[in-house]
Amino acid sequence: MSTTSPIPQQPTQDAYDVVIIGGATSGSAIAWYLSTNPDFTGSILVVERDAGLTHSATMASNNCMRQQFATQINVEIAQYAAEFVKKFRENLGGDLTIPHIPIRNFGYLYLADNEEFAETLREDQQLQASCGAGTAILARDQIAEKYPFYNLDDIVAGSLNTVDEGAFDALAMVEWLRGKARENGADYIENEVVSMTRSGERIDSVTLETGEVISAGTVVNAAGTRAGLVAQLAGADLPIEARRRYTYIFSAETPLDQDLPLTIDPTGVHMRSFGDDNYLAGCPPRDGDPAVGFDDFAYEEGIWETKILPVITNRVPTIGEVTVIDSWVGHYEFNTFDHNAILGPHTEVTNLLMCAGFSGHGSQQAPACGRGVAELITYGEFRTLDLSPLAYERIAKNEPLVERAVI
């Protein structure tokens, strides 16, 4: 790692031009983009309550990259993420100690078991193709020819893209963004913002759990699942909840002789290759998708045996008996309004900027959104990719931009 010194608890000064609350993927992307922009000359403080990111969405991420979205802005964000990751070493300065972060392009495959959903996939494919994505609609026999290991008796069509769609090392990306931001002068502390003071439409200061009061020019809410709670400290609202997601790593009695695409089964279970010979499978809860406590990482009883395992053995019967070798529970920072990221200033608190609500897509959306928020701070506008469709303003106006391609 480029910066291995421990992250302290106390800040080095009592006033910062930018205070970023949340130092995982989004917060570190913003800090890195600010710290590398010659037009930004201010000071940066990043406040992260868990420096080890132990229970962060970053740590629990399935590390995926895809362009198969139903809204144009999300396709464009994903395309930038793929280019950013493929040129990661060059983007971070070219030092040979910086790793390459390849994308394992096994692709995403959405399976449709009815014509209504197949038509939805066709509509989304047309949008994706208009943006230059390589998505194709496959009939059942075409899927069978390409992937003969599937049981497709109930499937009518599928949507597949193997160009810049697959898995990448999201944790390495955030660790290096954080390290380089620190090298560039951004202060990181392991602490928590517990209150804020306001004068009219602006935040004046934030107070840390350890008692320090920090004057802030701009406050960025990149607090992940806790972003709604952070917004409340400023007297603002944000429709974000923690939602539970289960992930299992398993081995197979008879491993496939080719990669298993990230397969989104009609049941809501997804599965893909993981490592050389093992596989990953995951899903949301069985009954509904309720909000959970920030520290609730309990397993739902029987979720593997009753929901995930039957889908694996039905959809990919040739792999034989499977054995769980690891598992974890993670949280989505779920935007209940429209399942999309929320960016930019709050309409009632003008120096509170949002970068949250990614609904499971944060690892791949952080490069474009981190760059965009850094541009807002530096220039007052988006300079590269126009992310205004994701502005908080749409919530105030009750104009949702719904992203239906949420796993």
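For the structure, check the block above.
On a predicted model such as this, the values are computed, not experimentally measured, just so you know.

The rules behind the values
Each chain carries its own residue numbering, running from 1 in the written order of its sequence. It should be noted that, the model being predicted, local features are given only for residues of pLDDT at least 70 and side-chain atom pairs only at 80 or more, the latter also being counted only at that level, while totals for whole chains, interfaces and linings use all residues. Only hydrogens and water are removed before side-chain values are computed, so all heavy atoms of the structure are retained for them. Two strands pair if DSSP finds at least two bridges between them. Secondary structure elements are taken from DSSP: a helix is a run of H or I of four residues or more, a strand is a run of E of two residues or more, and numbering for both begins at the N terminus. Fitted lines through C-alpha atoms give the axes, limited to the stretch in contact for helices. The angle between two N-to-C directions lies from 0 to 180 degrees. Any two residues having at least one pair of non-hydrogen atoms within 4.5 Å are treated as being in contact. By convention in this document, the label disulfide applies to cysteine sulfur atom pairs within 2.5 Å. Three exposure classes are used, based on accessible area relative to the maximum for each residue type with a 1.4 Å probe and protein chains only: buried under 20%, partly exposed in between, and exposed over 50%. By convention, a stacked pair of Phe, Tyr or Trp rings (six-membered ring in the case of Trp) has centres within 6.5 Å and planes under 30 degrees apart, an edge-to-face pair has planes over 60 apart, and any other such pair is tilted. Two N or O atoms count as a polar contact when they lie within 3.5 Å, although within protein this holds only if one can serve as hydrogen donor and the other as acceptor, and sequence-adjacent residues are included solely when both atoms are side-chain atoms.

## Focus on the sheet that holds strand E6 (residues 157-161)
- The strand order E5-E6-E4-E13-E14-E15-E12-E16 describes an open sheet built from eight strands, whose pairing is mixed. Every interior strand has two partners, whereas the edge strands, strand E5 (136-139) and strand E16 (322-335), have only one. Across the sheet, the mean angle separating the axes of adjacent strands is 20° when strand polarity is ignored.
- Bridge count for E5 against E6 is four bridges, and the pairing is antiparallel. Bridge pairing links Ala139 to Ala157 in E6.
- Contacting strand E4 (108-112), E5 and E6, helix H5 (residues 115-130) runs over the sheet at an angle of about 145° to E4.

## Some thoughts on the state of the cysteines
- Per the counting criterion, the structure on display carries zero disulfides.
- Considering cysteine sulfurs only, Cys369 is the nearest to Cys355, which forms no disulfide, with 5.6 Å between them.
- Since its relative accessible area comes to 2%, Cys355 is described here as buried.
- Of the residues examined, Cys369 reaches a relative accessible area of 0% and is grouped as buried.

## Overview of the packing of aromatic side chains
- Enumeration over the complete set of coordinates arrives at 12 aromatic pairs.
- For the ring pair Tyr147 and Tyr150, a centre distance of 5.8 Å and an interplane angle of 75° mean the geometry is edge-to-face. As far as burial versus exposure is concerned, Tyr147 and Tyr150 are alike and both buried.
- Ring geometry for Tyr248 versus Tyr299: centroids 6.2 Å apart, planes at 55°, classification tilted. Of the two residues, Tyr248 sits in strand E12 (residues 240-252) while Tyr299 sits in the loop between strand E15 (278-283) and helix H9 (303-315), which places them 51 residues apart along the sequence.
- The rings of Trp32, Tyr33, Tyr80, Phe84 and Phe88 are connected pair by pair, giving a single aromatic cluster.

## Brief notes about the environment of Ser363
- The residue Ser363 is located in helix H10 (residues 362-379) in this model.
- C-alpha of Ser363 to C-alpha of Ala136: the two residues are 227 residues apart in sequence and 24 Å apart in space.
- The contact partners of Ser363, leaving out residues within four places of it in the chain, are Thr25, Ser61, Phe168, Ala170 and Met173.
- For Ser363, the side chain forms a polar contact with the side chain of Ser61, separated by 3.3 Å.

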